[in-house]
Each structure stands twice: as C-alpha cells, then as structure tokens.
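Descriptive structure summary
Each chain, written out:
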Amino acid sequence: MLKGKKIVLGITGSIAAYKSCLIIRELIKSGAEVQVVITPAGKEFITPITLSALTHKPVVSGFFSQKDGTWNSHVDLGLWADAMVIAPCTAATLGKMANGVADNMLITTYLSMKAPVFIAPAMDLDMYKHPSTLKNIDTLRSFGNHIIEPGNGYLASGLEGKGRMEEPENIVRALDNFFSCSVELLSYTEDLKDKKILITAGPTYEKIDPVRFIGNYSSGKMGFALAEECYRRGAKVVLIAGPVNLTCSSGIHRIDVESCMEMFDAAVGEFTECDAAILCAAVADFRPEVVAERKIKRKGDDLLLKLKPTQDIAATIGGMKRDNQRIVAFALETNEEESNAQRKLEKKNADFIVLNSTRIPGTTFQADDNQITIINKEGKKSYAKKPKTEVAHDIIDELVAIL
Ligand code: CTP
C-alpha cells in the first residue's frame, strides 16, 4: 500500500534519530518516496549526508537552501506529500506543533501540511509524563493527527514504556495500515446518501453550584467517530455533543450542550426529521434537585446533595419512533452485561444495542479502542477489540443493513 506514496519524514533532536534510517529503509523498500525535513537539533544526532544517501534526495533543514540561497518551500512540501511522519518527535517539537510556534522548517512544513500527519514521540518517561507533554499530545490528537506510541492500541505492539519511540517497523506498519484503510474507505459506496442521522456524544455535566458539576469520564471519541463515519458515507449528520475536547468535520451540524436537559431538548427537537438516532452519549442519570446560586462553602461535617433523575433521552426518543426510523442505543455495563443490554433493548425501544463492558482493559472511557457486542432481538454478535474508528465502521454497517 505504500508503493508510490510520497512521505515527508520529519526528524528532531532525539537520540532515537538514528532509528529514522531504519524507517527510511523500510519505506523505500515498500516503494515509497521519502523527503527528509530535519530540525537544527536533529542534525546534532544524525548527518544530512547519511539521510540524503538513503533517500536519494537533498535533506531540507533551513528556510533557504545552503547551496544557492533559494527558498525551501514548506507549502510545496505540504502539497506534495501523501503523509507526514515525525519520528522521532521530541517534547519541544510536540509543544511547538501544538501551539503553532513556527520557528523552523519542520514546523512550517507541519503547519502547511495537507496530508495526514503521524507523530512518534520520543523522550524519557519523566518528560513524557509531564502534564504539559500529555496536554500537547492530546491537543495534537484533537487536531486529527495520529499519535504512534508503544502499546497505545494504534498498533497492537504489546510494548510498554511510554515515551520511547515506537519501533521503526511498527511506524511503517501504521502508515501502511492507514493507506490500506483509506483505499477501503474510498471504495465505500455512499450508502447513507439522503439519510439524516442524529448522534449524541460525550458526557453531560449537571451543575451543583456555579463552579461544580456531576459528570463522568466519557471523552466523546466513540460518538465523534460514528459521526465522521456517517458523514463519510454520505449522510447528513446532526451531532449533539456534551462537553468534550474534540473537533469534527465542518460539514457535520454540531450542537454543543452541557446538561442532560439541554441534550434532551436538542435531541427531541431534531429526531422527527431524522432517519436514525445513535445514542452514544454517557448521559448523567441524576442531577442535583437544586443548583446553588453561589459557590457552596465548606462548613459542618457532611454535605448532603439531593439528586433527581434526569430525562431518559433514549427512552423518550424510542417512544417517538416511527416505523421508518431506527434507534441504536449503547449500554455500558460492569456486570451481567448481556441480560442488562437485553433489558435496555426493550426499555429504549431500540433496534439494536451496542454493548461495552468496563471489564475489558484499554477500552471504553477515554480509550482509543473499544470492544463491542451488538445485541438485537434475534441474538448477538461480538467483535474484536479495535480502534474506535473501525468500531464505528462495524456499527454503521449494521445500521445500514436495517435502514
Ligand atoms: N441514555 C439517554 N439518556 C439518559 C441515560 C441514558 O439517552 N438519561 C442512553 C445512553 O446514551 C445509552 C443508553 O441510554 O444509549 C443506555 O445508557 P446507560 O447509562 O447504560 O443506561 P441507563 O438507561 O442509564 O440504565 P441503567 O442505569 O440501568 O444502567
């Protein structure tokens, strides 16, 4: 799948820079063309001569060519590439990329890049664990970049030791997988054309006072992956999102809400016009009966909050469902998973339930992977643990079959 692909390889100042030679070798062996862009610090670890000998191309480093002073165009590189890979990527470069600090050729190239970007962080564990690094990685992920690290589920490498750069062959495999999937995606028929799909995603926050709320750990990743999948397959998508730190394609109609009540109003208002609803949000089941107008002060021993049930969005929509509409609900269970899911199928008047269990490590809340079982009146179908984007593909295949 890498044959003929044009790859910009960004190299930064890490001891792992020597491994970029192995990445180049693997890419070239697979038939890809490689253009190296290296930071000034990167050159302290590996020489441009070695890199240009391997790629058969001059290495780009400064804003101007050293030979004749001509301008190195980052814009052209951004248009030329089919993918950009930054490996190794130091904490400093992560920070600059997350914040648009365009002070070297690698960052300007990144900012001009039209193709997907893959980032393989490389640093010691203490630097990796620092909140600023983790925040930058999250920010870069929310921009749609692909983070490649040992054992993060993107590749089932089984390696531990975050911070250490993923092995070169796994980095190349991630790229290869990506292009294999993209070909599959391109060959999609637009099987949701002329359909309108409503999706709820993320958590809800139920206010206790002006500064506190009841919430949960939902990241919204599964719901957003479903929205993107429906959109790619030609649907009109209404995405009702609780408070999440994610972006989505501009063609998706996104409605941001905070509480269950706001999500309820938006969902009930939109559903009549839709062909299907996918209720993926982790809605709070209870909210404080009264919201304090002022910040609650610490006094006395205990603070008792009286909670009231919130509206059940899925059950309400289930009650509104016409014969030509479909509903997909989720069930997140800690125990007696299947019998609970069966019960929810009835309660929500859903066409099928997507069951997740908290018992499977590396899935559900915050994770990039999920392992689901789809349950309908006829029976159940279990799927392997895979990235949420691929899980979304499986769920939408099931929905298309009953629309
Ligand atoms: N749901 C909803 N509105 C709520 C609660 C849940 O729309 N107030 C939806 C969720 O989006 C999900 C499904 O209902 O699709 C099941 O959610 P879950 O929290 O697992 O179930 P509950 O209905 O809360 O049932 P229980 O408390 O028995 O687990």
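Residues numbered from 1 in each chain as written. Predicted model: local features only at pLDDT ≥ 70, side-chain atom pairs only at ≥ 80, totals over all residues. Heavy atoms only, no water.

Once that is clear, we can look at the side chain of Thr109. As for its position among the elements, Thr109 is in helix α5 (residues 105–112). What Thr109 contacts, discounting residues up to four positions off in sequence, is Val8, Val37, His74, Leu77 and Met84. (Helix = DSSP H or I, 4+ residues; strand = E, 2+ residues; numbered from the N terminus. Contact = heavy atoms within 4.5 Å.)

The next point concerns the pattern of salt bridges. Following the criterion strictly, the structure yields 23 salt bridges and no others. Between Arg233 and Glu229 there is a salt bridge whose closest N-O contact spans 2.8 Å. Classification of Arg233 as buried rests on a relative accessible area of 2%. Residue Glu229 is classed as buried on the basis of its relative accessible area, which comes to 1%. Notably, a salt bridge pairs Arg233 with Asp397, separated by 2.6 Å at the nearest N-O pair. Of this pair, Arg233 sits in the loop between α9 (221–232) and β9 (236–241) while Asp397 sits in helix α13 (residues 388–402), and the two are 164 residues apart along the sequence. On the basis of relative accessible area, Asp397 is assigned to the partly exposed category, the value being 33%. Look at the salt bridges and you will find they share partners, linking Asp138, Arg141, Glu149, Lys221 and Asp368 into a network. (Salt bridge = Lys/Arg side-chain N within 4 Å of Asp/Glu carboxyl O. Buried < 20%, exposed > 50% of the residue type's maximum accessible area, 1.4 Å probe, protein only.)

With that settled, the discussion passes to the pairing of strand β17 (residues 372–375). Every second residue of β17 is oriented toward a common face, with Ile372 and Ile374 on one face and Thr373 and Ile375 on the other, all of them buried. Pairing between strand β15 (residues 352–357) and β17: four bridges, direction antiparallel. The residue bridging Leu355 from the neighbouring strand is Thr373, located in β17. Pairing analysis gives three bridges linking β17 to strand β18 (residues 380–382), with the strands arranged antiparallel. Bridging across to β18, Thr373 finds its partner in Ser382. In this antiparallel pair of consecutive strands, β17 and β18, the connection spans four residues. (Pairing = 2+ DSSP bridges.)

Here the focus is the packing of helix α4 (residues 91–99) against α5. Viewed as axis vectors pointing N to C, α4 and α5 meet at an angle of 40°, and their least axial separation amounts to 10 Å. Considering the angle they form, α4 stands oblique to α5. α5 is crossed by α4, and the crossing has right-handed handedness. Between α4 and α5, the contacting residues are Thr93, Lys96 and Met97 on the first element and Leu106, Ile107 and Tyr110 on the second. The residue inventory of the contact of α4 with α5, partitioned by class, reads four nonpolar, one polar and one charged. (Axes fitted to C-alpha atoms, helices over the stretch in contact; angles between N-to-C directions. Parallel < 35°, antiparallel > 145°, perpendicular 65-115°, else oblique. Left-handed = near helix turned anticlockwise from the far one by under 90°. Nonpolar A, V, L, I, M, F, W, Y, C, P; charged D, E, K, R; others polar.)

Before going further, it helps to spend a moment on the UniProt feature "domain: DNA/pantothenate metabolism flavoprotein C-terminal" (unreviewed entry) in the protein chain. As annotated in UniProt, the feature "domain: DNA/pantothenate metabolism flavoprotein C-terminal" (unreviewed entry) corresponds to residues 192–401 in the numbering used here. For residues 192–401, the end-to-end C-alpha separation is 11 Å, with 27% helix and 28% strand making up the annotated structure. (UniProt positions renumbered as here; feature names shortened; annotations may be inferred.)

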